[in-house]
Amino acid sequence: MAPTTAANVGLAARDASGHLSPLTIARRNTGDNDVAIKIMFCGICHSDLHSIKNEWQNAIYPIIPGHEIAGVVTEVGKNVTKFKAGDKVGVGCMVNSCQSCENCNQGFENNCPGIIFTYNSVDRDGTVTYGGYSSMVVVHERFVVRFPEAMPLDKGAPLLCAGITVYSPMKYHGLNVPGMHVGVLGLGGLGHVAVKFGKAFGMKVTVISSSPGKKQEAIERLGADAFVLSKNAKEMQAALGTMDGIINTVSANIPVAPLLGLLKPNGKMILVGLPEKPIEIPPFALVSRNKTLAGSCIGGMADTQEMIDMAAKHGVTADIEVIGADYVNAAMERLAKADVRYRFVIDIGNTLGDCAAAASE
Ligand SMILES: *[C@@H]1O[C@H](CO)[C@@H](O)[C@H](O)[C@H]1NC(C)=O
Ligand SMILES: *[C@@H]1O[C@H](CO)[C@@H](O)[C@H](O)[C@H]1NC(C)=O
Ligand SMILES: [Zn+2]
Ligand SMILES: [Zn+2]
């Protein structure tokens, strides 16, 4: 018996105002290799805000954003072996890829030229993808991760984007070795998770920030070992040449040269934030003492599973503010002002239905 197309409601932006309101859409039938998921929680990533306001000039309206999806399996296709109904699962930034190129074969679907993002992307069947601010989603099993028993769906959801975005470069650039010293530049959605992974890896973690108010947060709430106020010349001077690496999560155009000065010889700065304008690098700051500047974008599916398993083992979760679906536009306004500690997560399971019903009255 062929499964029927599932009716689905989501919160959609229709234009560059970015205003989100309920929209009924259809998801594809659960194919042989697909997993159908009832969405319980979805994190709000800064990319969602950029996308709905068309700040990256690639919007395909209507957009239903959301790529930090946590939920429960409701149905699996006949070829699916990894999941069954009732399993707790997550979906991150991508829902498909070519699945046959060198990148995909090595487990780096995130580097596939045919990567299909979770929303605002044209899938291989020609349909536009819709994200997790919605009641359910159908995804190929390859792009679904298992939630470990100990990982809560709400605090775990942001790990699907924020978590893997910092975990992957820490792993591949060797910034996961006990006793090493890592700097985390910026203490937002990405940065606060980077601090927790750094501590889980057994490293010394220093938060570098331009906000003095973040010091107490960094050390007392998140467990960082030290804090450097980037606009305080004395503190910057004292930290010169002390760090093995810096995870740069900042999305603003700030001068990078003084920060490269904090690295030891052979030190690495990894960019994971996306400032709007090009970054200026005075060559001397990079060339002297053999520094590396690298970039990293999310991570492959095997690494995403490894990341959430490791997070569960070490109690790493995101610090979140859970909101109802009817608060999503207010949350976007607050996010634009960085007024959140540290991630909004929408309680889709309990609130999206009522929000949609109220809108249609
Ligand atoms: C499902 O498995 C069957 C038997 O192995 C295979 O013939 C079929 O092509 C598979 N379906 C998909 C969509 O991969
Ligand atoms: C320079 O940095 C690279 C990359 O970290 C490293 O592989 C290489 O060994 C370094 N060279 C020297 C001479 O230290
Ligand atoms: Zn994201
Ligand atoms: Zn591929």
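Residues numbered from 1 in each chain as written. Chains lettered and ligands numbered in written order. Predicted model: local features only at pLDDT ≥ 70, side-chain atom pairs only at ≥ 80, totals over all residues. Heavy atoms only, no water.

Here is the rule we go by: UniProt positions are given in the numbering used here, feature names are shortened, and annotations may be inferred rather than shown by experiment.
In the nomenclature of an unreviewed UniProt entry, the protein is known as cinnamyl-alcohol dehydrogenase of Zizania palustris. Word for word, the UniProt comment on the protein under Sequence similarities (unreviewed entry) is "Belongs to the zinc-containing alcohol dehydrogenase family." In its Subunit (unreviewed entry) section, the UniProt entry covering the protein states "Homodimer."

## Quick look at the nonpolar core
Formally: In this text, buried Ala, Val, Leu, Ile, Met, Phe, Trp, Tyr and Cys residues form a nonpolar core when linked through side-chain atoms within 4.5 Å. The buried label applies to any residue whose accessible area, calculated with a 1.4 Å probe on protein chains only, is under 20% of its type's maximum; exposed applies above 50%, and partly exposed to all values in between. Note that the domain bounds were set by an automatic or database domain assignment.
Counting residues in hydrophobic clusters, the biggest one holds 97 residues, and the most contacted among them are Ile 44, Tyr 133 and Phe 197. Two domains each provide a minimum of three residues to this core, namely domain 1 (9–160 + 318–360) and domain 2 (163–295).

## With respect to the site of ligand 2
Where we set the bar: A cutoff of 4 Å decides nearness: a residue is near a molecule or strand if any of its heavy atoms lies inside that distance of it. Residues adjacent in sequence count toward polar contacts only when both atoms are side-chain atoms; beyond that, a polar contact is any pair of N or O atoms within 3.5 Å, and within protein one must be able to donate a hydrogen and the other to accept it. Exposure was quantified through the Shrake-Rupley algorithm and a 1.4 Å probe, taking into account, for residues, occlusion by the shown protein chains and nothing else. Residues are grouped as follows: nonpolar covers Ala, Val, Leu, Ile, Met, Phe, Trp, Tyr, Cys and Pro; charged covers Asp, Glu, Lys and Arg; every other residue, Gly included, is treated as polar.
Around ligand 2 sit Asn 266, Lys 268, Asn 290 and Thr 292, and those are all the residues in its vicinity. A distance of 3.2 Å separates an oxygen atom of ligand 2 from a polar side-chain atom of Asn 266. Contacts to ligand 2 include Asn 290, whose side-chain N or O atom sits 2.4 Å from an oxygen atom. Summarising the interface, the protein chains cover 34% of the accessible area of ligand 2, which totals 360 Å² for the free molecule. Among the residues making up the shell around ligand 2, the classes are represented as no nonpolar, three polar and one charged.

## Points about the coordination of the zinc ion (ligand 3)
Our working definition: Note: metal donors comprise N, O and S atoms at 2.8 Å or less from the metal (3.2 Å for Na, K and Ca); water molecules are not included, so apparent gaps in a site are possible. Secondary structure elements are defined from DSSP: runs of H or I of at least 4 residues count as helices, runs of E of at least 2 residues count as strands, and each element is numbered from the N terminus.
Of the protein atoms, only Cys 45 (SG), His 67 (NE2) and Cys 161 (SG) coordinate the zinc ion (ligand 3), at distances of 2.0 to 2.2 Å. Each donor residue of the zinc ion (ligand 3) lies on one chain, and together they are spaced C-x21-H-x93-C. Placement of Cys 45 in the loop between strand 3 (34–44) and helix 1 (46–52) and of His 67 in the loop between helix 1 and strand 4 (69–76) is noted, with a sequence separation of 22 residues between them. With a relative accessible area of 6%, Cys 45 lands in the buried category.

## Examining the site of ligand 1
Residues in close proximity to ligand 1 include Asp 32, Asn 33 and Asn 79, which together make up its full environment. Asn 33 has a polar side-chain atom sitting 3.0 Å from an oxygen atom of ligand 1. Note that an oxygen atom of ligand 1 is positioned 2.4 Å from one of the side-chain N or O atoms of Asn 79. For ligand 1, whose free accessible area comes to 360 Å², the fraction covered by protein is 30%.

## Quick look at the pattern of salt bridges
We apply this condition: Salt bridges are defined as contacts in which a side-chain nitrogen from Lys or Arg sits within 4 Å of a carboxyl oxygen from Asp or Glu.
Evaluation of the coordinates by the stated rule reveals 17 salt bridges. In this structure, Glu 109 and Arg 142 form a salt bridge, with 2.9 Å as the shortest nitrogen-oxygen distance. Within this pair, whereas Glu 109 is found in the loop between helix 2 (102–105) and strand 7 (116–117), its partner Arg 142 is found in the loop between strand 8 (136–140) and strand 9 (145–146), the two being separated by 33 residues in sequence. Given the relative accessible area of 4%, Glu 109 is considered buried. When salt bridges that share partners are traced, they join Lys 196, Glu 217, Arg 221, Asp 319 and Arg 341 into one network.

## Overview of the pairing of strand 14 (residues 263–271)
Inclusion rule: At least two DSSP bridges between two strands are required for those strands to pair.
With five bridges joining them, strand 13 (residues 243–248) and strand 14 adopt parallel strand pairing. Across the sheet, Met 243 pairs through a bridge with Leu 263, a residue of strand 14.

## Here we look at the pairing of strand 13
Along strand 13, six of the six residues are buried, which leaves the element largely enclosed by surrounding structure. Where strand 10 (residues 181–185) and strand 13 come together, four bridges link them in parallel fashion. Bridge pairing in strand 13 links Gly 183 to Ile 246.

## Topic: the sheet that holds strand 11 (residues 204–209)
Our working rule: In this analysis an axis means a line fitted to C-alpha atoms, helices contributing only their contacting stretch, and an angle means the value between N-to-C directions, from 0 to 180 degrees. Pairs of residues are marked as contacts when any of their non-hydrogen atoms sit within 4.5 Å.
Across the sheet, which stays open at both edges, the six strands sit in the order 12-11-10-13-14-15 with parallel pairing between neighbours. Every interior strand has two partners, whereas the edge strands, strand 12 (226–229) and strand 15 (292–295), have only one. Averaged over all pairs of adjacent strands, the angle between strand axes in this sheet comes to 20°, irrespective of strand direction. Relative to strand 12, helix 6 (residues 214–221) is tilted by about 165°, and along the sheet it contacts strand 11 and strand 12.

## Re the side chain of Asn 8
Residue position: Asn 8 is located in strand 1 (residues 7–13). Residue Asn 8 is classed as buried on the basis of its relative accessible area, which comes to 2%. A polar side-chain atom of Asn 8 sits 2.4 Å from a polar atom in the side chain of Ser 135. A polar atom in the side chain of Asn 8 sits 3.0 Å from the backbone oxygen of Met 136. If sequence neighbours within four positions are ignored, Asn 8 has contacts with Leu 23, Thr 24, Ile 25, Arg 27, Ser 134, Ser 135 and Met 136.

## Topic: unusual backbone geometry
Each neighbour pair has its own omega, and for Tyr 61 with Pro 62 the value is -5°, a cis peptide bond. Take Pro 62: it is sitting in the loop between helix 1 and strand 4. Even without being a glycine, Asn 54 presents a positive backbone phi close to 55°. Tracing the backbone through its elements, the reader meets Asn 54 in the loop between helix 1 and strand 4. With relative accessibility at 24%, the residue Asn 54 sits in the partly exposed group. Despite not being glycine, Gln 99 has its phi angle at roughly 65°, a positive value. For Gln 99, a relative accessible area of 24% translates into the label partly exposed.

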